[in-house]
Amino acid sequence: MSFNLPQKLPDFGDQVRKAEDYVWSRATTASSSSANSRGFLPMYKDKPQNSRFAGPDSRRSRWTGPLFLFGLVVVIFYFMSSGSDSFSSKPNSISAKEQQAAIKEAFLESWNDYEKYALGKDIYNPISKKSRNMYGESGLGWIVVDCLDTMMIMHLDEPLRVARDWVANNLTYDLDCEVSTFETTIRMLGGLLSAHYLSDYDDLYLEKAVDLANRLIGAFDSSSGIPYADVNLHSGVGRKSPADGGASSTAEATSLQLEFKYVAKLTGESLYWEKAEKVMQVVDNNHAEDGLVPIFIHPDTGLFWGSNIRLGSRGDSYYEYLLKQYLQTSSREPLYRQMYDESMTGLKKRLIKKSKPGGLTFVAELPHGINQATVPKMDHLVCFLPGNLALGATNGYSLQLAQRTSWTVAQAADMKLAKELMKTCYEMYTVTKTGIAPEIAYFNTEDSSTEDITIKYQDSHNLQRPETVESLFVMWRITKDPIYRRWGWSIFEAFQKHARLMNGNGYSSLENVNELPPRFRDNMESFWLAETLKYLYLLFEDDDTVLPLDKVVFNTEAHPFPKFKPEPLFKTGWSRKAENGEAKLTTAPADLDIPKGATIPKRQREPKPRKGGGRNPPPVVRL
Ligand code: DMJ
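Residues numbered from 1 in each chain as written. Predicted model: local features only at pLDDT ≥ 70, side-chain atom pairs only at ≥ 80, totals over all residues. Heavy atoms only, no water.

1. Let's talk about the overall build of the chain
Looking only at helices and strands, the chain features 20 helices and 14 strands. A buried classification covers 60% of the 623 residues belonging to the chain. (Helix = DSSP H or I, 4+ residues; strand = E, 2+ residues; numbered from the N terminus. Buried < 20%, exposed > 50% of the residue type's maximum accessible area, 1.4 Å probe, protein only.)

Shown next as structure tokens:
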């Protein structure tokens, strides 16, 4: 059964919606949401085994030499004809459908174990079968909400029924506790919004999402508009980070925009849009050299805090959301594209390095500031970048289609870098004893180096992170190079072999990927279900109309939202300024939304807005 995207977005002008608005606005009054009690927001408006040339047997004959040579020629021919520059991995001997089935089984094993021992709990330890909530009695639905959409994508009806029932009967965000603004937004708000979208607009999820958005929005009420690191879900009052001098993480402050802008679009409420958008203006007013931002920014001043620059933790999704904000609003906000392009130019100039002796391309860090020495350290988190670069190069269209149109030197350079970094991220898996990547890798750059990658003991754990398989999925969709599926399958097989508990009782994080057998960490991250297994499943999806990358954007927690057009209610409410205060021109790029000269089949065209239609034209989300 193929997955069908919803056909429309809600029509905010219809009578049913108006009636619902009335009911929900009454519910709002009864809600204890601080935002509501302040009275300015409505509740709702709207991886086969690598057989390593295993021959039939090892008997020698006079044919051995010629046969070996013949085989070698066949193998070389195979790899050349696959168009890949890869140096490893064999073709898979099982079909993509069978691979999807195995990934789905891994999800089911993980979910069934969690459902049996810990349903509804935020934190789960699959070895000891212990669980707990992060805050308060009832918890945030951390695991349940984060994986609703994976269940929908995998067509897991019964687990979905259980999860939905739990949301309907147990989930409340009226909790008197401080939560992470960022994590709660990307996982919970993002999870609810995509569940709403993929369920063909089940209102349950939207009601919960808007209630949560109203509780989170107070985080933006700092003197600068930079959101506080934490926010109290009951009072709606933000709280500075207890560490880092109270500064917020730059990536966290700038990775809330897709979620709040989508809530704005769904509800028609501009406050969500304006609060989220303001953050980008404040960040840009710091005039970061070459578009490379320090990893902290202070909510009191709106100024960067410290000079540490990296694309790993606390820096990563700033760059991701620059591009995705531009894509989310159907290329209508070119200033985000300009900011993204500046940053990627800065990245290439200052952070892209080559390891020795193998020449792997990696992303270095600048711990002491932009003009200081780089450190050859790369977090696994950086592995979102190859996919992001490819997405930016083609705007989500296939490479074939993009190249047939206005293909520029810059796009080609981004695609080349994407391929090189993808190879490096995969190598972070292949160099370990388990075939699973560590949290952090160091790259050797000295002539005396004998290995390209060094893994320090303290960085050797694995948290089942998604970034490499996320990029593999995007690279596969865009290039259709089968190497990306082979790499994804070998990663999945390594997880199956080393992270799976006995008797299929779930999967766990690992203490040391260079230990055989590895010790379990006794923890299952919610993003194992929400992201890693979802992206692996989608990597083996043959139907490209399932969540097409030119029609949807995935938030940084792998929750897909439909692209939309901001008008008529919303538009970019700020413009860029140079350091001297003069306006920085944002030239609208060519309409990359539909590449020039491309033959787009009729059914991909957007339907005309309905006559006298609702407040928003219905964006197309289905090919
Ligand atoms: C997830 O919460 C998100 O992918 C976030 O962007 C980074 N950290 C984890 C996964 O590694």
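2. A few points about unusual backbone geometry
The omega torsion of the bond from Leu516 to Pro517 falls at -10°, within 30 degrees of zero and hence cis. Among the structural elements, Pro517 can be located in the loop between helix H19 (483-498) and helix H20 (526-539). Pro568 follows Glu567 through a cis peptide bond whose omega is 10°. Tracing the sequence through the fold places Pro568 in the segment after strand S14 (560-562). Although it is not a glycine, Tyr201 sits at a positive phi angle of roughly 70°. Within the element layout of this structure, Tyr201 appears in the loop between helix H8 (181-198) and helix H9 (203-216). Using a relative accessible area of 10% as the deciding quantity, one classes Tyr201 as buried. For Asp290, which is not glycine, the phi dihedral falls at a positive 55°.

3. Thoughts on the state of the cysteines
If you walk through the whole model with that rule in mind, you get 1 disulfide. A disulfide bridge connects Cys383 with Cys425, and the sulfur atoms are separated by 2.1 Å. Between Cys383 and Cys425 the disulfide shows an S-S torsion of about -95°. By sign, it is left-handed. Separated by 42 residues along the polypeptide, Cys383 in the loop between strand S10 (377-379) and helix H15 (385-394) and Cys425 in helix H17 (residues 409-430) bring together distant segments of the chain. (Disulfide = S-S within 2.5 Å.)

4. Looking at the pattern of salt bridges
One pass over the structure, following the stated rule, counts 37 salt bridges. Between Arg164 and Asp202 there is a salt bridge; the shortest N-O distance is 2.7 Å. Taken together, the residues span a long stretch of sequence, with Arg164 in helix H7 (residues 157-170) and Asp202 in the loop between H8 and H9 at a distance of 38 residues. Through salt bridges with shared partners, a single ionic network connects Asp284, Glu342, Arg576 and Lys584. (Salt bridge = Lys/Arg side-chain N within 4 Å of Asp/Glu carboxyl O.)

5. Topic: the site of the ligand
Glu183, Ile186, Arg187, Leu381, Arg465, Pro466, Glu467, Phe527, Glu531, Thr556 and Glu557 make up every residue found near the ligand. The separation between an oxygen atom of the ligand and a polar side-chain atom of Glu531 is 2.8 Å. Expressed as a share of its isolated accessible area of 290 Å², the protein-covered part of the ligand is 92%. Going through the elements one at a time, H8 and H20 are the ones with two or more residues in the shell around the ligand. Considering each element in turn, the shell around the ligand owes the most residues, 3 residues, to H8. (Near = heavy atom within 4 Å. Polar contact = N/O pair within 3.5 Å; in protein donor to acceptor, adjacent residues only side chain to side chain. Areas by Shrake-Rupley, 256 points an atom, 1.4 Å probe, with all protein chains shown as cover.)

6. Quick look at the sheet that holds strand S3 (residues 178-180)
Paired through their backbone hydrogen bonds, the strands of a sheet run either parallel or antiparallel. Strand order across the open sheet formed by 3 strands is S3-S4-S5, with antiparallel pairing between neighbours. The open sheet has two edge strands with one neighbour each: S3 and strand S5 (238-239). Inspection of the sheet shows strand S4 (residues 230-232) paired to S5 by 2 bridges, in the antiparallel sense. Each bridged residue has a counterpart across the sheet, and for Val231 the counterpart in S5 is Gly238. Of the strands in this sheet, S3 and S4 touch H8, which is tilted by about 65° from S3. (Pairing = 2+ DSSP bridges. Contact = heavy atoms within 4.5 Å. Axes fitted to C-alpha atoms, helices over the stretch in contact; angles between N-to-C directions.)

7. A look at the packing of aromatic side chains
Applying the stated criterion to the full structure yields 19 aromatic pairs. Geometrically, the ring pair formed by Tyr535 and Phe554 is tilted, given 5.6 Å between the ring centres and 50° between the ring planes. A residue pair is termed long-range when its members are at least 10 positions apart, and Tyr535 in helix H20 and Phe554 in strand S13 (residues 552-554) qualify at 19 residues. For the pair shown, Tyr535 and Phe554 are each scored as buried. An aromatic cluster of at least three residues, connected via ring pairs, comprises Trp111, Tyr114 and Tyr124. Sitting over the ring of Trp273, Lys261 keeps its end group 4.7 Å from the ring centre. The ring of Tyr442 carries the charged tip of Lys456 above its face, separated from the ring centre by 4.0 Å. (Phe/Tyr/Trp six-rings, centres within 6.5 Å; stacked < 30°, edge-to-face > 60°. Lys NZ or Arg CZ within 6 Å of the ring centre and 35° of its normal.)

8. A short note on the confidence of the model for the chain
Of all residues in the chain, 79% have pLDDT values of 70 or greater, and the mean over the chain is 85. Across residues 9-65 the pLDDT falls below 50, and counting only partners more than four positions away or on other chains, this stretch makes 111 contacts in the model. Here residues 73-88 is modelled with pLDDT under 50, and outside its nearest four sequence neighbours on either side it reaches 21 contacts, counting other chains as well. (pLDDT = per-residue confidence, 0-100.)

9. Comments concerning the nonpolar core
Of all hydrophobic cores here, the largest spans 161 residues; its most connected members are Phe260, Leu385 and Leu533. For Phe260, the contacting residues outside a window of four places in its chain are Thr185, Leu189, Ala213, Leu216, Ile217, Phe220, Tyr272, Trp273 and Ala276. (Core = buried A, V, L, I, M, F, W, Y, C linked by side-chain atoms within 4.5 Å.)

10. Quick look at helix H12 (residues 270-284)
Taking 1.5 Å of rise per residue, 15 residues should cover 21 Å, and H12 covers 21 Å from first to last C-alpha, within 8% of that figure. The complete set of buried residues in H12 reads Tyr272, Trp273, Ala276, Glu277, Val279, Met280, Val282, Val283 and Asp284. Tucked into the core, H12 has its buried residues touching H9, helix H10 (250-253), helix H11 (257-267), strand S7 (296-297), helix H13 (316-328) and helix H14 (334-350). (Expected span 1.5 Å × (residues − 1).)

11. Let's talk about the sheet that holds strand S12 (residues 453-454)
Strand order in the open sheet formed by 3 strands is S10-S11-S12, and the pairing between neighbours is antiparallel. The sheet terminates laterally at S10 and S12, the two strands that pair on one side only. Here strand S11 (residues 440-443) pairs with S12 via 2 bridges, running antiparallel. Each residue of the ladder has a partner; that of Tyr442, found in S12, is Thr454. The sheet contacts of H17 involve S10, S11 and S12, and relative to S10 the element is tilted by about 85°.

12. Comments concerning the environment of Glu567
You can see Glu567 is positioned in the segment after S14. For the pair Glu567 and Thr329, spaced 238 residues apart in sequence, the C-alpha to C-alpha distance is 9.2 Å.

13. Concerning the packing of H7 against H9
It is at 11 Å that the axes of H7 and H9 come closest, and there the two elements cross at 45°. With respect to their mutual orientation, H7 and H9 come out oblique. The handedness of the crossing between H7 and H9 is left-handed. Of H9, the residues touching H7 (which contributes Leu160, Arg164, Val167 and Ala168) are Leu204, Tyr205 and Lys208. Residues of the contact of H7 with H9, tallied by class, amount to 5 nonpolar, no polar and 2 charged. (Parallel < 35°, antiparallel > 145°, perpendicular 65-115°, else oblique. Left-handed = near helix turned anticlockwise from the far one by under 90°. Nonpolar A, V, L, I, M, F, W, Y, C, P; charged D, E, K, R; others polar.)

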